[in-house]
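Chain by chain, the residues:
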Amino acid sequence: MATESLGEFELIVLLASLRLGPDEAYTVSIAADITQRTRRPVRRANVYTTLQRLESKGLVTTRLGDARPERGGRPRRLVTVTRTGLAAVRAATNAIQAMVGGLDIVQGRA
Amino acid sequence: MRGNVPRWCNALLAWAAPRDQADEAIGDLEEAHQRRVARRGRRLAGVLTALEAVDVAVALLRERWRRRGTMDGTAARGSFGARISLLDFKLGFRMLAKYPGLTVVGGLAIALGIAVGAFAFELAAQVMHPRLPLPDGDRIVALRLWHRQANGVEEQSLHDFIGWRESVKSIEELGAYRDVDRNLVTRAGQSMALRMAEMTASGFRLAGVRPLLGRVLEESDEQLGAPPVVVIGERVWRTQFNRDPAVLGQTVRLGGVETTMIGVMPESFGFPVFHSAWAPLRIAALDSRPRRGTQLHVFGRLAPGISLDEAQAELRLLGERAAADMPETHEHLRPEVMAYTRAFFTVSWRTVMTSAYAAQLGVLLFLILVCANVATLVFARTAARESEMVLRSALGASRGRIVSQILAETLVLGGVGALVGLSITNFGVRIVLGLLQDAGLRLPFWIRTSLAPTTVLYAVLLTFIAAVIAGAVPALKVTRGLAHRLRQAAVGGADLKFGKLWTGLIVTQVALTVIFMALTIDAQQDMARGHAMRLGFPARQFLSAQLEIDRMTAAAEAAEVPYTEAELAHYRATFDAVEQRLAADPAIATVTYTANFPGSYHTTHRIEVDGASGSSHIVQRARVGLKYFDALGVPPVAGRGFRTGDLGSSAGRPTGDDALGTAVIVNESFVRQVFGGGNPIGRHVRYLCHAEQCGFDRSAARTDKREPWLEIIGIVPDIAMTGDPDLLRMNLPGMYHPWQPGDAYWARIAVRVRGDPRAFAPRLRAITTAVDPSVRIEQVMTLEDLYELELRAYDFAFRGALLASAIVLLLSVAGTYSIMSFTVSRRTREIGIRSALGADPRRIVLAIFSRALAQVMAGVLAGTVLLLVMMRGIQSRQGALIVLLPVCIMLAVCALACVVPTRRALRIEPTAALREG
């Protein structure tokens, strides 16, 4: 089965979800993680739509978490990356590494 | 610190998100908001959260539309929401430049609609749902007693406040204040009238605002016997003490009592409402029997974790207990707790909400009407681009795609209109608040001069509504049957025409234009009448002011008991002393007291004359000082002036309103209108009723109540009485009663100054303060300035009416022009054939334009009939002008709008027309 090709932001959202893990990855934490690591502002609206698209492609699944007081007693929708999602991430990162390999100018050595 | 996400944000997300994900989306928003509150503070966090809610909602909706398009197979051509692209908006901007007429007329019309809508929304938001700019402002509440039988607020609530303070658990920092007016006199002798709050110390804790200098009030200051202290506001500190930091510990005379200043509050601080100085509320000195004593306002903050409903439940219980314990005073009283600002409405909240919703509905209807007019123009433009539509359809564009493009074009137009409209609203809000302040109204500290973010969002919503009505509706109509026309390879079919809906719109629009113009002419006449009114004496040489003296005891002031003889004697002596000191000043030519200034509000009454039973007259009435006419330089032309013996008695009356005496002086208009120019001296008149109550209609039913006869002792020339242009048009005769200050705690004074009267204002204050430091002196201005102030509201109303009229007229002209142009372009072939067959050009023009002309005539007729109904027929030459002028203007401009299309129709060459067909 051919792996799903990913857009740049889709890849970043999947990487953030993997890093946070299935018990801590949800919209707010994913947006915060991306902002912290990439040092670029992320609109939560974009994270929402990206997660919806990833879910419709079968790259992530979601489930309801526990309710929390800081959320006004509302639950979180936790994100788990599926095997297909993981394969898509691997394929995308491999492709990037393959393209970057040997390009000193990109790796900052030139 | 914890802040709440605005409720409308949650509602927006609940609507936009998929049903099974709404709860989590709202939870995310809440969590993100709390993080922002911790990082950036409540105010900024609120704005950012609102913006994010809109952003997320738009993204979720776009995703839903995109998915729906994918599911129903239209994704390749784009779903409705996703169809509008950046290119469409670029084309929309191009259209603005390509059709400047539509851009200006349509843009202005939408701007007007949005300006009116946003203004009404902002007003409602500021009045009904203001945000208190205080920490946890949304948890600050007011407590009051509601009298169910009287259906009103019971303000004598000190007894209940004391009980609540001991027993209520759900509300913290329970406190109270009462309004007092005092004169503050500095050691240098400068004086300033202050609206103060006597407030419990808890008010400062509740507001949580730190003083600029010194300290705020403490509980120990409230004890009987504690030294008198006051906290002053920044404005007082700036204007009276030149920001001197050494004011702390200094004393000032406050209402005649030496009082120590202990603190200065920032300029933005006005809690509880609009106060500029604060003294401790000493409850022990006040009458605390049930439903007796002072008017009190109670406030507090909801305890942590307690909702408004829970607090209300506790108060209800206390109310029931009080009703059982004290049925004679509390049987009909129910304690209420509510959002702080809501307590300032003395009618029920349901009445307020109903009025607000009715106003919003009216505004929405107005916007729909305006946009429907713009839709007429868009329809004509879109119909003119029919060939472009057919071509695009041939190249594969769906109907939805074409409609989306037209919608995007009107969204751009609406966006430009919204920007202009919001600017108008912002300007209007500032003007209205400025007018209110100029009129002497003090605005609550929570009133803003800038627009709320929610108002901007509401304007965005109105823009969408406007774009859908003005763009999507005509687009759907034009693109109906596009595929059929494509198959027929024909453009300009007879099926594309203005239908009944547009006809109705144009008729309504023309009728409204006639009415708007009539209202504008009426407002202009009012304004011109006001400006043209001659005051009848050199008003610019007179400096005027209102003087007020404190009641002799706090208890008398609090309970508003009738004046004692001692108090009245004190008032009389003080006002006499002020008059003597002023008269002795070399800069002063004359001095007079009066209860009514010329050019300001006067009461109107119905009177009857002796020997003329059965007929009555409406007159305006003034109460003036004994030397009033001489001081103004207009002595009586016949009879005599007032003497001390003409005065009535006012002892024991709370206001002295009815102490009129038995002698009156009338003006020359009175002589002409009531006595037909005959001699009235020695004749008698008497009051029947207040005209405000029994009506201005001369044939109105008369009352049985008869007042004493009054003798006419003199005639004076006409000088200004009322300044109300509505009453000025009635040219009411005037009657004067003798009056002298001292029958109440206040008096109005006018002094004729040798030289510049404005420059005398500080001296007037100094002289008054020297007589009695507790006398407050307010509204110091020349009599001419006072009258100009009265007229400013009418000027503003006229400008608003003029703007609305101009835009509605422009819409009518543009609509008529569109119909004519459209008709010519549709019937080019027919015109050509008729010309070829030798038809008379005049008959061709009449045949083609008859429908449009009939619509204009129908509109003019409908507008005229409505006007006549509103005016109850034409009763004067001015009334005829108000009706005829708009009709003539309307017919003239519609005729002008027909000129270009008519010339175009008459220039059609038969050969060219047949070739085109």
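Up top you'll find the structure we're talking about.
I will try to describe carefully the structure that is included in this document. Residue numbers run consecutively from 1 along every chain, following the written order of its sequence. Chains and ligands are labelled sequentially in the order written, the chains with letters from A and the ligands with numbers from 1. With pLDDT at 70 or above as the cut-off, local features in this predicted model cover only qualifying residues; side-chain atom pairs require 80 or more to be listed or tallied, and sums for whole chains, interfaces and linings still use all residues. Only hydrogens and water are removed before side-chain values are computed, so all heavy atoms of the structure are retained for them.

**A closer look at the overall build of chain A**
So, point 1. Helix and strand definitions follow DSSP, with helices as H or I runs of at least four residues and strands as E runs of at least two, each counted in order from the N terminus. Scanning chain A for helices and strands turns up five helices and two strands.
So, point 2. To sort residues, take the accessible area from a 1.4 Å probe on protein chains only and compare it with the maximum for the residue type: under 20% means buried, over 50% means exposed, and anything in between is partly exposed. Within chain A, the fraction of its 110 residues that count as buried is 39%.
So, point 3. The contacts of chain A with a sequence gap of at least 6 include a subset with a gap of at least 24, amounting to 52%. Contacts are assigned to residue pairs with any non-hydrogen atoms lying within 4.5 Å of each other.

**Brief notes about the overall build of chain B**
So, point 1. The helix and strand inventory of chain B stands at 29 helices and 22 strands.
So, point 2. Restricting to contacts in chain B with at least 6 residues of sequence separation, those with at least 24 account for 81%.
So, point 3. We get accessible surface area from the Shrake-Rupley algorithm with a probe of 1.4 Å; when it comes to residues, only the shown protein chains can shield them. For chain B, the exposed surface amounts to about 41,900 Å²; the carbon and sulfur share of it is 58%.

**Quick notes on the nonpolar core**
The tendency in soluble globular proteins is for nonpolar side chains to be buried side by side.
All names here are of chain B.
So, point 1. We call a set of buried Ala, Val, Leu, Ile, Met, Phe, Trp, Tyr and Cys residues a nonpolar core when their side-chain atoms join them within 4.5 Å. Counting 40 residues, the largest nonpolar core has Ile114 and Val374 as its most contacted members.
So, point 2. Contributing elements (two or more residues each) for this core: helix 6 (100-128), helix 12 (349-384), helix 13 (386-394), helix 14 (399-438), helix 15 (453-479) and helix 25 (783-826).
So, point 3. For this core, the element with the highest residue contribution is helix 14, accounting for nine residues.

**Notes on the pattern of salt bridges**
So, point 1. By definition, a salt bridge exists where a carboxyl oxygen of Asp or Glu is found within 4 Å of a side-chain nitrogen of Lys or Arg. A full pass over the atoms with the stated rule returns 43 salt bridges over all chains.
So, point 2. The residue glutamate 388 of chain B makes a salt bridge to arginine 385 of chain B at a minimum N-O spacing of 3.1 Å.
So, point 3. In this structure, the salt-bridge partner of aspartate 610 of chain B is arginine 683 of chain B, at a minimum N-O distance of 3.1 Å. With aspartate 610 of chain B in the loop between strand 14 (603-609) and strand 15 (617-624) and arginine 683 of chain B in the loop between helix 21 (668-675) and strand 18 (684-690), the pair connects residues that are 73 residues apart, well separated along the chain.
So, point 4. Sharing partners across several salt bridges, the network here consists of Glu24, Asp66, Arg68, Glu70 and Arg76 of chain A.

**Side note on the interface of chain A and chain B**
So, point 1. Contacts between the two partners involve 21 residues from chain A, matched on the other side by 24 residues from chain B.
So, point 2. Simply put, the buried area is the total loss of 1.4 Å probe accessible area from both parts when two parts are fitted together. Interface area for chain A against chain B, summed over the two sides, is near 2,000 Å², with a carbon-plus-sulfur share of 46%.
So, point 3. At the junction of chain A and chain B, the tally comes to seven salt bridges.
So, point 4. A salt bridge links aspartate 23 of chain B to arginine 74 of chain A; the nearest nitrogen and oxygen atoms lie 3.3 Å apart.
So, point 5. Polar contacts, as used here, are pairs of N or O atoms within 3.5 Å; protein pairs need one atom able to donate a hydrogen and one able to accept it. Residues neighboring in sequence count only if both atoms are side-chain atoms. Counting every contact that joins chain A to chain B gives twelve residue pairs in polar contact (both at pLDDT 80 or more).
So, point 6. Among the secondary structure elements, those contributing two or more residues to the side of chain A that touches chain B are helix 2 (27-38), helix 3 (44-56) and strand 2 (74-81) of chain A.
So, point 7. Sort the elements by how many residues they give to the side of chain A that touches chain B and helix 3 of chain A lands first, with seven residues.
So, point 8. Of the residues assigned to the side of chain A that touches chain B, the class counts are eight nonpolar, five polar and eight charged. Three categories are distinguished: nonpolar for Ala, Val, Leu, Ile, Met, Phe, Trp, Tyr, Cys and Pro, charged for Asp, Glu, Lys and Arg, and polar for the others, with Gly belonging to the last.

**Structural notes on the pairing of strand 1 (residues 140-147) of chain B**
Residues and elements named next belong to chain B.
So, point 1. Of all eight residues in strand 1, eight are buried, a share of seventy percent or more.
So, point 2. A two-sided burial pattern is seen for strand 1, the buried positions comprising Ile140, Ala142, Arg144 and Trp146 on one face and Val141, Leu143, Leu145 and His147 on the other.
So, point 3. DSSP calls a pair of strands paired once it identifies at least 2 bridges connecting them. Of the strand pairs in this sheet, strand 1 and strand 10 (residues 297-302) are connected by four bridges, and their pairing is antiparallel. If you follow isoleucine 140 over to strand 10, its bridge partner there is arginine 301.
So, point 4. Both strand 1 and strand 11 (residues 333-339) contribute to a ladder of seven bridges, which runs antiparallel. The residue bridging arginine 144 from the neighbouring strand is glutamate 336, located in strand 11.
So, point 5. In the sheet, strand 1 pairs with strand 2 (residues 152-154) via three bridges, with the strands oriented antiparallel. Residue pairing in the sheet places histidine 147 in a bridge with glycine 152 of strand 2.

**Regarding helix 10 (residues 308-325) of chain B**
All names here are of chain B.
So, point 1. Residue count minus one, scaled by 1.5 Å, sets the expected span of a helix. Here helix 10 contains 18 residues, and its C-alpha end-to-end distance of 26 Å stays within 8% of the 26 Å for a straight helix at 1.5 Å per residue.
So, point 2. Considered for burial, the residues of helix 10 that qualify are Ala311, Gln312, Glu314, Leu315, Leu318, Gly319, Ala322 and Ala323.
So, point 3. Buried-residue contacts for helix 10 involve strand 1, helix 7 (158-167), strand 3 (171-185), strand 10, helix 11 (327-330) and strand 11.

**Quick notes on the packing of aromatic side chains**
Residue and element names in this part refer to chain B.
So, point 1. Classification of ring pairs rests on two measures: the distance between centres of Phe, Tyr or Trp rings, Trp counted by its six-membered ring, which must be within 6.5 Å, and the angle between planes, read as stacked under 30 degrees, edge-to-face over 60 and tilted in between. According to the stated counting rule, one finds 17 aromatic pairs over all chains in the structure shown.
So, point 2. Taken together, a centroid distance of 5.8 Å and an interplanar angle of 20 degrees make the contact between phenylalanine 204 and phenylalanine 269 stacked. You can see phenylalanine 204 sitting in helix 8 (residues 202-207) and its partner phenylalanine 269 sitting in the loop between strand 8 (257-265) and strand 9 (277-280), a full 65 residues away along the chain.
So, point 3. A centroid spacing of 5.8 Å and a plane angle of 65 degrees characterise the contact between phenylalanine 575 and tyrosine 593, whose relative ring orientation is edge-to-face.

**Digging into unusual backbone geometry**
Residue and element names in this part refer to chain B.
So, point 1. The residue after phenylalanine 271, namely proline 272, is reached through a cis peptide bond having omega 10 degrees.
So, point 2. Of note, proline 272 is situated in the loop between strand 8 and strand 9.
So, point 3. Non-glycine residue glutamate 173 carries a positive phi angle of around 50 degrees.
So, point 4. For glutamate 173, the position within the fold is in strand 3.
So, point 5. The class of glutamate 173 is partly exposed, set by a relative accessible area of 24%.

**Description of the side chain of glutamate 63 of chain B**
So, point 1. Take glutamate 63 of chain B: it is sitting in helix 3 (residues 42-71).
So, point 2. Assessed through its relative accessible area of 1%, glutamate 63 of chain B is described here as buried.
So, point 3. Once residues lying within four places of it in the same chain are set aside, the contact partners of glutamate 63 of chain B are Thr49, Gln52 and Arg53 of chain A.

**Structural notes on helix 2 of chain A**
So, point 1. Compared with the 16 Å implied by 1.5 Å per residue over twelve residues, the 16 Å span of helix 2 of chain A between its first and last C-alpha is a close match.
So, point 2. Taken as a whole, helix 2 of chain A has its buried residues at Thr27, Val28, Ser29, Ile30, Ala31, Asp33 and Ile34 of chain A.
So, point 3. Along its buried surface, helix 2 of chain A packs onto helix 1 (8-20), helix 3 and strand 2 of chain A together with helix 2 (22-40) of chain B.
So, point 4. Just past helix 2 of chain A, the residue arginine 39 of chain A takes up positive phi, approximately 55 degrees.

**Re a nonpolar patch on the surface**
Residue and element names in this part refer to chain B.
So, point 1. Taken together, the side chains of Phe93, Val104, Leu108, Val416, Val420, Ile424, Leu803 and Leu810 define a hydrophobic patch exposed on the protein surface, amounting to about 610 Å² of accessible area.
So, point 2. Mapped onto the nonpolar patch, the elements with two or more residues apiece are helix 6, helix 14 and helix 25.
So, point 3. With respect to the secondary-structure elements, valine 416 resides in helix 14. Surface patches are drawn from residues lacking salt bridges whose relative accessible area is over 30%; two like charges belong together within 9 Å, two nonpolar side chains (Val, Leu, Ile, Met, Phe, Trp, Tyr) within 5 Å.

**Examining the side chain of glutamate 314 of chain B**
Residues and elements named next belong to chain B.
So, point 1. Note that glutamate 314 resides in helix 10.
So, point 2. For this count, His and the chain ends are skipped, Lys and Arg are scored as positive, and Asp and Glu as negative. Salt bridges are absent for the buried glutamate 314, whose nearest opposite-charge side chain, lysine 169, sits at 6.0 Å.
So, point 3. If near-sequence neighbours (up to four positions away) are discounted, glutamate 314 is found in contact with Ser167, Val168, Lys169 and Ser170.

**A closer look at the environment of alanine 518 of chain B**
Residues and elements named next belong to chain B.
So, point 1. Positionally, alanine 518 belongs in helix 17 (residues 500-532).
So, point 2. By relative accessible area, alanine 518 is classed as buried at 1%.
So, point 3. On a C-alpha basis, the gap between alanine 518 and alanine 801 in space is 9.8 Å, while along the polypeptide they are 283 residues apart.
So, point 4. Contact partners of alanine 518, with chain neighbours within four places excluded, come to Leu867, Ile882 and Pro886.

**Details of the packing of helix 2 of chain A against helix 2 of chain B**
So, point 1. Here helix 2 of chain A crosses helix 2 of chain B at 45 degrees, and the two axes come no closer than 9 Å. One element, helix 2 of chain A, and the other, helix 2 of chain B, form an angle in the oblique class. Along its contact with helix 2 of chain A, which presents Thr27, Val28 and Ala32 of chain A, the element helix 2 of chain B presents Asp28, Glu31 and Arg35 of chain B.
So, point 2. A class-by-class count of the residues in the contact of helix 2 of chain A with helix 2 of chain B yields two nonpolar, one polar and three charged. Every angle, taken between N-to-C directions, lies between 0 and 180 degrees, and every axis is a line fitted to C-alpha atoms, over only the stretch in contact when it is a helix. Any angle from 65 to 115 degrees is called roughly perpendicular, while one under 35 is roughly parallel, one over 145 is roughly antiparallel, and all others are oblique.

**With respect to the packing of helix 6 of chain B against helix 15 of chain B**
Two packed helices can be described by the angle between their axes and the distance between those axes.
Residues and elements named next belong to chain B.
So, point 1. Where helix 6 contacts helix 15, the two axes come as close as 9 Å, and the packing angle between them is 145 degrees. Classified by chirality, the crossing of helix 15 by helix 6 is right-handed. The segment helix 6 lies against helix 15, with Ile110, Ile114, Gly117, Ala118, Phe121 and Glu122 engaging Thr454, Thr455, Tyr458, Ala459, Leu462, Thr463 and Ala466.
So, point 2. Across the contact of helix 6 with helix 15, the residue classes tally to eight nonpolar, four polar and one charged. Crossing chirality is assigned from the near helix's rotation relative to the far helix, an anticlockwise turn below a right angle marking it left-handed and a clockwise turn marking it right-handed.

By themselves, these observations are geometric and do not establish any function.
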